[in-house]
Amino acid sequence: MSNNPTASPAEPVHAHEEVPRGTIKAYLEVAGVLTVLTILEIWAFYVPSLQPVLIPILLVLSGAKFALVVMFYMHLKYDHLAYTGIFGPLLALAGFIVIALMILIAYFMGSPPTA
Amino acid sequence: MAVAVPKEVVKARENYLTEGGLLSWLVTVDHKRIGVMYGLTSLAFMGLAGFEALAMRIQLAQPNNHFLSADLYNQFFTMHGTTMIFLVIMPLGLGFFGNIAMPLQIGARDVAFPRLNALSYWIFLFGALFMYSSFLFGGLPDAGWFGYANLTERFFTPGSREDFWAIGLLILGISSILGALNFFVTIVNMRAPGMTFMRMPIFVWNILVASVLVLVAFPPLTVGLVFLVMDRFLGTHFYSTVAGATPILWQHLFWLFGHPEVYILALPAFGIISEVIPCFSRKPLFGYAAMAYATALIGFISYGVWGHHMFATGMGPIADAAFALSTMAIAIPTGIKVYSWVATLWRGNFVWTTSFLYALAFVVQFTLGGLTGVMHAQPPIDLQQTGSYFIVAHFHYVLGGGSLFAFLAGLYYWWPKMTGRMMNEKLGRINFWLTCIGFNMTFFPMHFLGLGGMPRRIYTYGAGLHWDFWNMFCTIGAFVMATGILFLLIAMVESLTRGPEAPADPWDGRTLEWSIPSPPPVYNFAEIPHVHSKDAFWEMKYGNNPGHKVPEVAAEHEAGHVPHIHVPAPSMFPILLAAGLALCGIGAVAWLRITLVGLLIVYLAIVGIGFEYPTYGEHPSKERGDDIYPLDSRKVGMWTFIGSESLFFASLIGTYMAYKGRDLIGPTAKEILEIPLTSFSTFVLLMSSLLMVLALAGFERGDIKAGRNWLFATAGLGCIFLGGQAYEFNKFYHEGVTLQHNLFGQTFYTLVGFHGLHVLLGVIWLLTLAFASFKDMVPKKRALAVEFGGLYWHFVDIVWIVIFSLVYLMDKVTGA
């Protein structure tokens with residue numbers, strides 16, 4: 001254990017390294033998948049037989065689109081894990097707020113009036 | 001060799017207080033100066049809040065008193081609460097102590113974003129002045145610091161008082177979020193080499209968790225205030241039952257902020273006490289790890305306890321039970337802290353300084369406030385007491401006897417470091433005893449008054465209710481306390497004018513701030529320290545042999561020994577930007593054209609900040625010596641901002657979903673939303689994200705022309721999206737769905753409109769970058785500037801992905 005309380009700032013603890021990002025091809029592929037997923041969403045919306053399961057279908061499809069943009073276009077897949085560590089919990093809290101408000105207000109106000 | 005500074009007075013050649021003239025403070029970005037400005041401003045507002053409190057105590061001293069009218073009493077009690085929470089305790093804990101001590105404790109030369117730090121302060125100052133300026137326009141706000149709906153609606157509170165309150169809080173919220181973001185990034189990324197999370201000073205832990213809480217708690221409040229402003233200015237009915245809405249929504253949004261806010265106010269205080277007690281007990285903090293985990297746990301649980309403020313609203317037994325349990329649960333980590341302080345005190349070798357006295361008083365008083373808090377975790381008890389003076393006693397013991405006493409302990413503790421002067425301990429003791437006795441005289445009897453049935457928020461009461469004696473007693477106590485605070489001011493002035501010079505390490509401290517001269521030089525540390533243990537400076541001084549002190553003088557700080565150290569240059573843009581923001585607020589309540597001028601100033605100042613520093617948009621480099629930290633602070637900041645923005649949209653989406661199908665009149669979502677058009681808009685926005693990454697790739701490979709063209713194309717698609725939105729809004733409007741028409745109209749326009757506003761800001765951002773690239777201001781080496789704009793752009797894209805599914809597709813199916 002050293003008694004020296006200082007050290008030169010020229011001794012980096014962690015070096016900044018250029019992280020390899022996605023290629024143009026990868027970006028185009030992601031755009032293709034996003035397009036297909038959006039078409040699927042709209043298709044599911046117009047198919048009467050899918051109406052009973054439409055909500056889970058839409059949640060899965062929009063979740064997949066969300067993840068693709070965040071991972072590839074926002075580079076979370078390539079960047080330091082710390083950025084995911086920052087965004088992930090905040091996103092979870094955002095989901096918590098939506099659900100909490102829905103449940104608490106619904107419980108307080110009772111069933112919606114019929115239009 | 002070592003640079004530890006024990007008792008000798010070592011002066012920096014030029015310290016942060018002396019460098020530059022008075023005007024240099026206006027453009028300073030030095031965290032220590034900004035801390036001082038926060039401190040002075042908060043003290044001034046504390047004086048104002050104290051004046052309001054004394055006036056209220058005179059009014060309540062005897063029954064049927066007419067010292068204050070009911071109206072003036074309401075104004076004072078509203079502004080006393082608002083001021084103490086938003087303009088005193090919060091800025092003292094984070095703005096003052098956070099700035100003064102945190103960067104020094106982690107061995108940093110400044111915070112991550114010095115200009116953002118200055119901006120936070122100036123927005124805070126202008127926001128506070130804006131709120132109080134309502135005094136000139138018909139009176140101060142008067143609907144309580146909690147602003148309960150629907151008392152705050154224009155029908156019940158006409159005039160502009162509440163406008164100032166709501167818009168003022170919106171402005172202050174921006175300041176808080178920017179400040180917290182800055183501290184979060186600083187602590188996460190700028191700790192000295194070797195300072196792992198479990199070696200961080202416990203004060204820094206508390207600032208970290210408090211900052212996170214600000215980032216997650218303020219967005220719901222912002223949304224609640226936006227709804228309130230819309231109700232008051234645009235005639236919406238977010239909190240009004242006439243449109244099928246409920247005022248309870250305000251309480252949820254407000255207390256979603258409000259209870260974490262209690263810990264935002266308390267955590268910095270916990271941190272200070274956790275520094276002061278070990279220092280003056282001559283012992284290390286007992287259970288450091290438990291304290292750190294307890295701090296994090298408090299932050300986590302505090303986000304799930306807000307409902308205990310709402311037991312009396314009738315949330316139902318399940319919600320009541322859930323919030324009762326979570327509220328009791330938060331007492332556990334808080335109890336761990338109290339236990340740890342007491343265990344640290346156990347068999348300590350006490351040094352009876354004023355700071356230590358305040359810390360001891362804190363432990364007792366905060367525990368008292370905490371215990372009555374646990375009482376209110378039980379709905380049946382809370383129902384009896386929530387509207388009574390018992391609650392007034394409870395929260396004053398937590399925030400007054402707790403936070404404020406801790407801040408006074410911290411003030412005495414860090415005063416020598418901050419000013420380079422010692423405080424007079426004799427005056428300090430007078431200050432302490434008068435304040436402590438006065439505080440307990442004022443607030444302890446309020447428990448009796450509450451149990452005796454005296455309601456809160458009343459401006460007078462009748463004789464013969466047996467409340468006279470204790471009310472008079474409380475009033476006398478308030479004046480004793482005010483006298484005590486007067487002695488604090490005397491002690492401060494005496495110290496600054498005649499106080500003896502402070503050594504670098506007057507208390508034989510344990511943390512890094514004591515290793516540098518008092519007051520610190522502008523650059524803080526001549527060399528960034530390496531940390532090997534959690535009590536870094538203690539270990540440097542004593543190593544593994546407690547009996548062997550190694551006193552060595554910090555000769556490096558004297559003339560001729562300091563290497564050239566780059567410190568951030570002053571900037572006029574923060575104050576300019578804050579002034580522009582204040583103009584926006586003034587324009588909203590006075591004359592809308594002023595808002596346009598304000599917005600123009602804000603835009604120009606942001607552009608100024610964006611391109612001001614010579615290294616903007618560049619990666620950290622070894623040559624400049626700014627690559628010593630593990631992550632890029634700007635990127636950490638951007639992701640944190642995006643996360644916080646997610647909570648803003650979550651509150652909007654949550655409100656939309658909660659009100660869905662509750663319209664009293666049509667048309668509703670199901671009848672009016674047009675899927676083909678929106679599907680096209682969605683596709684356009686998704687493709688704009690593709691163009692954005694292509695633009696970034698262009699700048700990164702040095703093909704500026706291609707990058708610029710892709711930027712223009714991205715902004716173009718953004719404009720097409722906005723055009724589609726404008727078409728949709730226009731169509732709905734002509735079909736009778738206005739902002740005021742029904743719940744669907746107001747929640748839809750607000751949610752989708754705010755998203756559109758974000759798209760518009762994104763378009764402006766991208767166009768600014770594109771035009772700047774014509775002037776060679778965005779070359780290859782500055783491609784990061786484009787990446788940050790891109791992150792924001794993709795964020796508005798992912799928000800739309802959620803809105804498209806939840807609002808358009810699902811609503812078409814499930815909407816009433």
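Residues numbered from 1 in each chain as written. Chains lettered and ligands numbered in written order. Predicted model: local features only at pLDDT ≥ 70, side-chain atom pairs only at ≥ 80, totals over all residues. Heavy atoms only, no water.

**Some details on the overall build of chain B**
Per the secondary structure count, chain B includes 22 helices and zero strands. In terms of overall size, chain B behaves like a compact globule, its C-alpha atoms giving a radius of gyration of 27 Å where 816 residues would be expected to give roughly 28 Å. In terms of its C-alpha atoms, chain B occupies a principal-axis envelope of roughly 80 × 80 × 45 Å. By residue count, 66% of the 816 residues in chain B fall in the buried class. Taking contacts inside chain B between residues at least 6 apart in sequence as the whole, the part at least 24 apart equals 83%. Working note: accessible area of chain B is about 27,400 Å², and carbon and sulfur atoms make up 71% of it. (Helix = DSSP H or I, 4+ residues; strand = E, 2+ residues; numbered from the N terminus. Rg over C-alpha atoms; globule rule 2.2 N^0.38 Å. Buried < 20%, exposed > 50% of the residue type's maximum accessible area, 1.4 Å probe, protein only. Contact = heavy atoms within 4.5 Å. Areas by Shrake-Rupley, 256 points an atom, 1.4 Å probe, with all protein chains shown as cover.)

**A short note on the domain arrangement of chain B**
All names here are of chain B. Per the domain assignment, the segments making up chain B are domain 1 (22–557) and domain 2 (662–814). Using only C-alpha atoms to locate each centre, domain 1 and domain 2 end up separated by 39 Å. Opposite the 13 residues of domain 1 that make contact, domain 2 presents nine residues. Across the interface of domain 1 and domain 2, roughly 820 Å² is buried in total on both sides, 68% from carbon and sulfur atoms. In this structure, the connection of domain 1 to domain 2 is made through zero salt bridges. For the pair domain 1 and domain 2, the interface holds two residue pairs in polar contact (both at pLDDT 80 or more). For the side of domain 1 that touches domain 2, the residue count by class is eight nonpolar, five polar and no charged. (Domains from an automatic or database assignment. Buried area = accessible area lost by both parts, 1.4 Å probe. Salt bridge = Lys/Arg side-chain N within 4 Å of Asp/Glu carboxyl O. Polar contact = N/O pair within 3.5 Å; in protein donor to acceptor, adjacent residues only side chain to side chain. Nonpolar A, V, L, I, M, F, W, Y, C, P; charged D, E, K, R; others polar.)

**A few points about helix α2 (residues 54–73) of chain A**
All names here are of chain A. In a regular helix each residue adds 1.5 Å, so 20 residues correspond to 28 Å; α2 covers 27 Å between its end C-alpha atoms and thus fits that length. Within the span of α2, buried status applies to Leu54, Leu58, Leu61, Ser62, Lys65, Phe66, Leu68, Val69, Val70, Phe72 and Tyr73. Of the residues one or two after α2, His75 is the one with positive phi, at around 70 degrees. (Expected span 1.5 Å × (residues − 1).)

**Focus: the nonpolar core**
Within soluble globular proteins, side chains that are nonpolar generally end up buried alongside one another. Grouped together as the largest cluster of nonpolar side chains are 315 residues, with contacts concentrated most on Tyr73(A), Phe86(B), Phe362(B), Trp639(B), Phe748(B) and Tyr808(B). For Phe86(B), the contacting residues outside a window of four places in its chain are Pro91(B), Phe124(B), Trp145(B), Leu169(B), Leu172(B), Phe218(B), Leu221(B) and Phe257(B). (Core = buried A, V, L, I, M, F, W, Y, C linked by side-chain atoms within 4.5 Å.)

**Notes on the interface of chain B and chain A**
At the interface, 94 residues of chain B touch 67 residues of chain A. Each partner contributes to the roughly 7,200 Å² buried at the junction of chain B and chain A, and carbon and sulfur atoms together form 76% of this total. Its largest share of buried area at the contact with chain A, chain B owes to Trp639(B), Arg662(B) and Ile798(B), together 10% of the area lost on that side. Between Lys635(B) and Asp79(A) there is a salt bridge whose closest N-O contact spans 2.7 Å. The interface formed by chain B and chain A holds three residue pairs in polar contact (both at pLDDT 80 or more) in total. For the side of chain B that touches chain A, the elements supplying multiple residues, two or more each, are α5 (202–234), α6 (248–281), α8 (317–345), α14 (536–542), α17 (633–659), α19 (675–700) and α22 (783–814) of chain B. Looking at which element gives the most residues to the side of chain B that touches chain A, the answer is α17(B), with 17 residues. Counted by class, the side of chain B that touches chain A contains 57 nonpolar, 25 polar and 12 charged residues.

**Concerning the domain arrangement of chain A**
Put simply, an interface is often sized by how much accessible area is lost when its parts join up. Residues and elements named next belong to chain A. Along its sequence, chain A is carved into domain 1 (21–79) and domain 2 (80–115). With centres defined by C-alpha atoms, the gap from domain 1 to domain 2 works out at 21 Å. When the two sides are added together, the surface that domain 1 and domain 2 hide from each other amounts to roughly 420 Å², 75% of it contributed by carbon and sulfur. On the domain 1 side of the interface with domain 2, the three residues burying the most area are Phe66, Leu76 and Asp79, jointly 91% of the side's total. The interface formed by domain 1 and domain 2 holds zero salt bridges in total. Put simply, domain 1 and domain 2 have one residue pair in polar contact (both at pLDDT 80 or more) between them. Of the residues in the side of domain 1 that touches domain 2, the class split is four nonpolar, no polar and one charged.

**Overview of helix α21 (residues 743–774) of chain B**
All names here are of chain B. With 32 residues, α21 extends 47 Å between its outermost C-alpha atoms, agreeing within 8% with the 46 Å of an ideal straight helix rising 1.5 Å per residue. Of all the 32 residues making up α21, 23 are buried; the element is thus mostly covered by neighbouring parts of the structure. Asp776, located one to two residues past α21, shows a positive phi value of around 65 degrees.

**Quick word on a nonpolar patch on the surface**
Residues and elements named next belong to chain B. A surface patch of nonpolar side chains, about 600 Å² in accessible area, is lined by Leu600, Tyr603, Leu604, Leu757, Leu760, Leu761 and Ile764. Counting residues per element, the ones that place at least two in the nonpolar patch are α16 (592–612) and α21. Of all the elements, α21 adds the most residues to the nonpolar patch, at four residues. Its location among the elements puts Leu757 in helix α21. Owing to a relative accessible area of 40%, Leu757 belongs among the partly exposed residues under this scheme. (Patch = residues over 30% accessible without salt bridge, like charges linked within 9 Å, V, L, I, M, F, W, Y side chains within 5 Å.)

**Here's the deal with the packing of aromatic side chains**
All names here are of chain B. Applying the stated criterion across every chain, the model contains 81 aromatic pairs over all chains. Look at Phe155 and Phe156: their rings are 5.0 Å apart centre to centre, the planes differ by 90 degrees, and that puts the pair in the edge-to-face class. Pairing Phe270 with Phe366 gives two aromatic rings, centres 5.0 Å apart and planes at 75 degrees, and the pair type is edge-to-face. Of this pair, Phe270 sits in helix α6 while Phe366 sits in helix α9 (residues 354–375); the two residues are 96 residues apart in sequence, bridging distant segments of the chain. Judged by relative accessible area, Phe366 falls into the buried class, the value being 7%. Note that Arg191 overlies the ring of Phe197, its terminal NZ or CZ placed 4.0 Å from the centroid. (Phe/Tyr/Trp six-rings, centres within 6.5 Å; stacked < 30°, edge-to-face > 60°. Lys NZ or Arg CZ within 6 Å of the ring centre and 35° of its normal.)

**Section: unusual backbone geometry**
Along the chain, Ala149(B) connects to Asn150(B) via a cis peptide bond; the corresponding omega equals 0 degrees. If you trace the backbone, Asn150(B) turns up in the loop between α3 (114–132) and α4 (161–189). Look at the link from Ser518(B) to Pro519(B): it is a cis peptide, with omega at -10 degrees. Within the secondary structure, Pro519(B) sits in the loop between α13 (468–498) and α14. Even without a glycine there, the phi angle at His75(A) is positive, about 70 degrees.

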